[in-house]
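Here's the letter readout for the chains.
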Amino acid sequence: MDCENGGLYGKTSAYYATVEQQGRLSLHLHGLVWIEGALSPQEIRDRLVNYDTVFETQLVRYIESCCQGEFMTGSFQSVVEKFEKPNVTEHNNVDPTLTLLVPPPNPCRVEPINDVLCQCENCCDLRNWKQAFQDTVDNILLNSNMHGCMNKYGDCTARFPREIHPETSVDHTDGRINLKKREPMMNTFTVVLTYLLRCNTDVTCILTGTAVKALVAYITDYISKSGLTTHHVFKAAYDVLLK
Ligand SMILES: [Zn+2]
Ligand SMILES: [Zn+2]
């Protein structure tokens with residue numbers, strides 16, 4: 001999240017996280033990251049309703065780099081087709097959620113750092129790596145980030161399918177931002193985090209004061225959460241026996 005050159009989302013000023021144990025005993029982390037120098041929700045709203053277009057462009061670009069809600073290489077249908085057929089690329093032979101990441105190759109040998117057309121060995125390697133990176137992220141998303149839990153009434157308790165937005169838009173009457181989101185059954189994520197962690201992740205920019213308070217309360221709740229309830233223990237034992 002944070003390092004000397006700035007973190008994945010900017011320089012971190014604070015973070016807070018708790019581990020939750022699910023009914024089926026798997027652990028997962030809920031966390032919040034505060035970014036140094038970030039404006040408050042009220043300050044952001046004031047700038048947006050006053051048509052500060054330079055700020056708006058930069059803010060949208062920043063948020064879109066932090067989280068997105070669609071595949072890197074195409075629609076759900078095209079990604080399904082790509083990974084259903086075996087051996088299309090060398091990278092979908094193995095389940096990416098069971099492998100480690102491949103670090104990027106060394107930078108360009110030709111100085112100054114060249115554009116996409118540079119034919120040096122490193123730049124060729126980098127182009128191949130970027131393609132494999134995108135395919136891997138899409139494969140992980142297909143395996144881990146598509147929501148598929150309908151109850152017996154066909155309803156979803158996690159409010160899927162979600163609203164889709166072909167492009168990011170800003171409502172200048174109240175400063176509301178509707179982030180670009182093109183897959184209704186996918187939650188939002190950070191590309192690099194998906195590549196690193198290789199599992200389901202959910203990343204959202206929290207842009208209202210109410211949402212900040214609600215999430216702090218929600219996450220804090222896990223610190224004091226008592227052990228599993230009896231019916232969860234029996235359900236977990238039952239699920240294990242069925243396997
Ligand atoms: Zn090069
Ligand atoms: Zn659901």
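- An unreviewed UniProt entry lists the chain under the name Helitron helicase-like domain-containing protein, with Agaricus bisporus var. burnettii given as the organism.

### Examining the coordination of the zinc ion (ligand 1)
- Bound to the zinc ion (ligand 1) are the protein donor atoms Cys108 (SG), Cys118 (SG), Cys120 (SG) and Cys123 (SG), situated 2.3 to 2.4 Å from the metal.
- Angles of 101 to 116° at the metal separate the 4 donor atoms of the zinc ion (ligand 1), which places the site in the tetrahedral class.
- Mapping the donors of the zinc ion (ligand 1) onto the primary sequence yields the spacing C-x9-C-x1-C-x2-C. One end of the pair, Cys108, is in the loop between helix H3 (76-84) and helix H4 (121-144); the other, Cys123, is in helix H4, with 15 residues separating them in the sequence. Each member of the pair Cys108 and Cys123 is classed as buried.

### Topic: the pattern of salt bridges
- Under the counting rule described, the total for this entry stands at 3 salt bridges.
- Between Arg47 and Asp52 there is a salt bridge whose closest N-O contact spans 4.0 Å.
- Relative accessible area serves as the criterion here: at 28%, Asp52 is assigned to the partly exposed category.
- Salt-bridge contacts for Lys82 lead to Asp135; the nearest nitrogen and oxygen are separated by 2.8 Å. Here Lys82 is found in helix H3, whereas its partner Asp135 is found in helix H4, with 53 residues between them in sequence.

### Observations regarding the pairing of strand S1 (residues 12-21)
- Bridge analysis of S1 against strand S2 (residues 27-35) gives 9 bridges, and the strand direction is antiparallel. Residue pairing in the sheet places Val19 in a bridge with Leu29 of S2.
- The loop that links S1 with its antiparallel partner S2 comprises 5 residues; one of these, Leu25, has a positive phi angle of about 75°.

### Observations regarding the packing of H3 against H4
- Two elements in contact, H3 and H4, have axes separated by 10 Å at closest approach and are oriented at 100°. The pairing of H3 with H4 is recorded here as roughly perpendicular in orientation. Contacts between H3 and H4 involve Phe76, Val79, Val80, Lys82 and Phe83 on the former and, on the latter, Asp135, Asp138, Asn139 and Leu142.
- Class assignment of the residues belonging to the contact of H3 with H4 gives a composition of 5 nonpolar, 1 polar and 3 charged.

About the cut-offs
- Residues numbered from 1 in each chain as written.
- Chains lettered and ligands numbered in written order.
- Predicted model: local features only at pLDDT ≥ 70, side-chain atom pairs only at ≥ 80, totals over all residues.
- Heavy atoms only, no water.
- Donors = N, O, S within 2.8 Å, 3.2 Å for Na, K, Ca; no water.
- Tetrahedral: all angles 85-135°; square planar, octahedral: opposite > 155°, others 65-115°.
- Helix = DSSP H or I, 4+ residues; strand = E, 2+ residues; numbered from the N terminus.
- Buried < 20%, exposed > 50% of the residue type's maximum accessible area, 1.4 Å probe, protein only.
- Salt bridge = Lys/Arg side-chain N within 4 Å of Asp/Glu carboxyl O.
- Pairing = 2+ DSSP bridges.
- Axes fitted to C-alpha atoms, helices over the stretch in contact; angles between N-to-C directions.
- Parallel < 35°, antiparallel > 145°, perpendicular 65-115°, else oblique.
- Contact = heavy atoms within 4.5 Å.
- Nonpolar A, V, L, I, M, F, W, Y, C, P; charged D, E, K, R; others polar.

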